[in-house]
Every structure is written in C-alpha cells, then in structure tokens.
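Chain and residue survey
One letter stands for each residue in the lines below.
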Amino acid sequence: MRAPELPWLVADIGGTNARFGLVTAPGAAPSHVAVLSGAVYPTLPDAVAAYLSEHAGGVRPGAACLAVAGPIDGDRYRLTNSPWAGSTRDLDVPYVKLLNDFEALAVSLPHLRADELVPLGGPEPSYGVKAVLGPGTGLGVGGLVPTDHGWVPIPGEGGHVTVPAADDRELEIVRALRAEGLDQVVAEHVLSGPGLARLHRALARVNGVAAPSLAASEIVARLGDPLCAETVEVFCGMLGSFAGNVALTLGARGGVYLGGGVLPRIVERVCASNFRARFAANPDMSAYLAEIGTSLIVAPQPALTGAAAWLTQHAPAAR
C-alpha cells in the first residue's frame, strides 16, 4: 500500500494560536513552522489555506495530522475555547487524521530529547503508562500506553474535572470564584492562562485587597509583587494535586509530563514551588506517587513533533 504524497501537513490548533509545519520525509522533524493567530481567520480551512500559501510555498500536502484543542468525533472537530468547528472534509487534503492536542503531545513523549525536559522530582521517567497535562488557553490531559505494537495515545477531557482544592484557604478561593458567577468550579477555571488571571482576582478578594485586573502574562512578569507571587505559588500547588490525581487515574508509572503554554514561562518558579510535594501528598498513595517521575516539557513545538510521529507510523497505511 503506497503512502500519501509528501510533504505532509502537521498542526497544533489551540484556542488562541494555530501552529503549522511540514514533514518532508518520514521521521523528519517538522519544518517551515509558523504560528498564526486564530482570531485572524474565521475558520480552520482559512488558516490552513493561509499557511500553505504564505509560509509553505503553495505546496499541496498529501496527508495531514491536526492536533486540536477540543473533542473529536470521527472527521469532525469542535474547539473548546474557539469558535472553530467543522469537518476535515472541508480541507483540500487527500488524507487527514484528527488528534486531540494532548493526544498528539502524548505521542511526542518518546521522541523528546533530554534537553527538552526539565526534571521536577522523582525518579527518571521509565517504560510504562505515561500521562501528560498542562495549562494553556485551557487545561489539557492525555495518556500514552505501551503495547506489543507500539505506543497508543489516550485522549481525554480531564481538565474539566472538579477543581483540586486541598485546604481551607483553597476552599476560600473556590468560594470567591463562585461569587464571580461560577456555579461549579472545574480545574480548567483555575489551572490555565485565563485561570491564572481568575485566581489572581480570587486571591485579592480572599486577602481583602484591591488589585488591578491582570492577564496571565502580566502576572508571571510581576513576581516581585506579593499577590502575583502568591497567585503563582497557589497555582503550582493546585497543579501538583491535579497532576497527582491524573497519575493515580491512569496508573502513570512511566512518568507524568507537564506541557502547555503557561509553564515554560515560569520554569524556575515551578521548580522552586510545592508542586512536587503536593503531587505526592495523598493520604493513602503517597509511596506510589513518590515513585513516579515528573518532568516539564520545554520543547518549542512538541505537539507538532507528536503529529509528525503519528504520520510516520500510520500514513503508509492510509491508502
């Protein structure tokens, strides 16, 4: 069975930005990488056409693997934090595979170099089920399972589980968020870029202080400000509890990896935070969690790497 014509298109479609690249040979790293603002284009096909025309020399890819930040149903997609929705049949590409964005990130894990990972505690990641999660425009979760036929990714929407409040102060924060109009507070409401801004407002309310409305990028740039520093510390602690819950749910003895767009901006702060202590702070399973390694992904475009790896493994059977 003949593989689709090269080059192949890979993409990481988030709620804010769409990242594109080309695979020019099986196993090759994505090239011609470009980042397009989703707000500029009314639909995903418009963004794909603009990328191919303006950044890829007008090539016509023979196949594509698109990682999208939202649920997938066959050839249909709907982004959780963007109005983009539709079918891959609307794209002028002969063969298209859709993956959840964190499903693609999971596929990338065996292909990441050591210098693309920052250890966050525990033993070195090992062979076994792996989990990946991370805050960006939303909060993504995925898994990777070893089988006799290679690694199999697991998509999920775990970012929408109930927020992991572990003590009285965090419960106060949840109550402050509910006072803003959130009837039920889920993890993504706090553990995301918009969630970081929401957490900053809630902490100001809990502390009884006035604070300006700040975006996530402004909060992480003002860590000399006590409220911003506390916001990031609470964020890292709650992320640790959430990551521990994911590790237990998936049985991720092969390691837990943090991705997304927020954490690479605050690597040193995450390393110095109580993330790891909160990760292992389970009354019944602390010894189990202590044996699971945790790492932060600092590779520039890991979901594109995952999409490219998926095509290399599966595209030869696409026709």
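Given the structure is predicted, the values throughout are model-derived calculations rather than measurements. (Residues numbered from 1 in each chain as written. Predicted model: local features only at pLDDT ≥ 70, side-chain atom pairs only at ≥ 80, totals over all residues. Heavy atoms only, no water.)

Notes on the overall build of the protein chain
A count of helical and extended segments in the protein chain gives 10 helices and 14 strands. A compact globule built from 319 residues should have a C-alpha radius of gyration of about 20 Å, and the protein chain, at 20 Å, falls within 12% of that. Taken over the C-alpha atoms alone, the protein chain extends approximately 60 × 45 × 30 Å along its principal axes. The burial tally for the protein chain puts 51% of its 319 residues in the buried class. Once local pairs closer than 6 in sequence are excluded, the contacts in the protein chain between residues at least 24 apart make up 67%. For the protein chain, the computed accessible surface area is about 13,800 Å², with 52% contributed by carbon and sulfur atoms. Seen as two clouds, the 22 positive and the 29 negative side-chain charges of the protein chain have centres 2 Å apart. (Helix = DSSP H or I, 4+ residues; strand = E, 2+ residues; numbered from the N terminus. Rg over C-alpha atoms; globule rule 2.2 N^0.38 Å. Buried < 20%, exposed > 50% of the residue type's maximum accessible area, 1.4 Å probe, protein only. Contact = heavy atoms within 4.5 Å. Areas by Shrake-Rupley, 256 points an atom, 1.4 Å probe, with all protein chains shown as cover. Lys, Arg positive; Asp, Glu negative; His and termini not counted. Charge placed at Lys NZ, Arg CZ, Asp CG, Glu CD.)

Examining the nonpolar core
If you look at the biggest cluster of nonpolar residues, it comprises 52 residues, and the most contacted ones within it are Leu133, Val190, Leu191, Phe242, Val256, Leu258 and Leu263. Considering every element that reaches this core, the biggest residue donor is helix H6 (residues 226-250), with 12 residues. If near-sequence neighbours (up to four positions away) are discounted, Val256 is found in contact with Ala131, Leu133, Ala243, Ala247, Phe279, Ile292, Gly293, Thr294 and Ser295. Leu9, Leu22, Tyr41 and Trp84 belong to the second-largest nonpolar core, a separate cluster that totals 26 residues. (Core = buried A, V, L, I, M, F, W, Y, C linked by side-chain atoms within 4.5 Å.)

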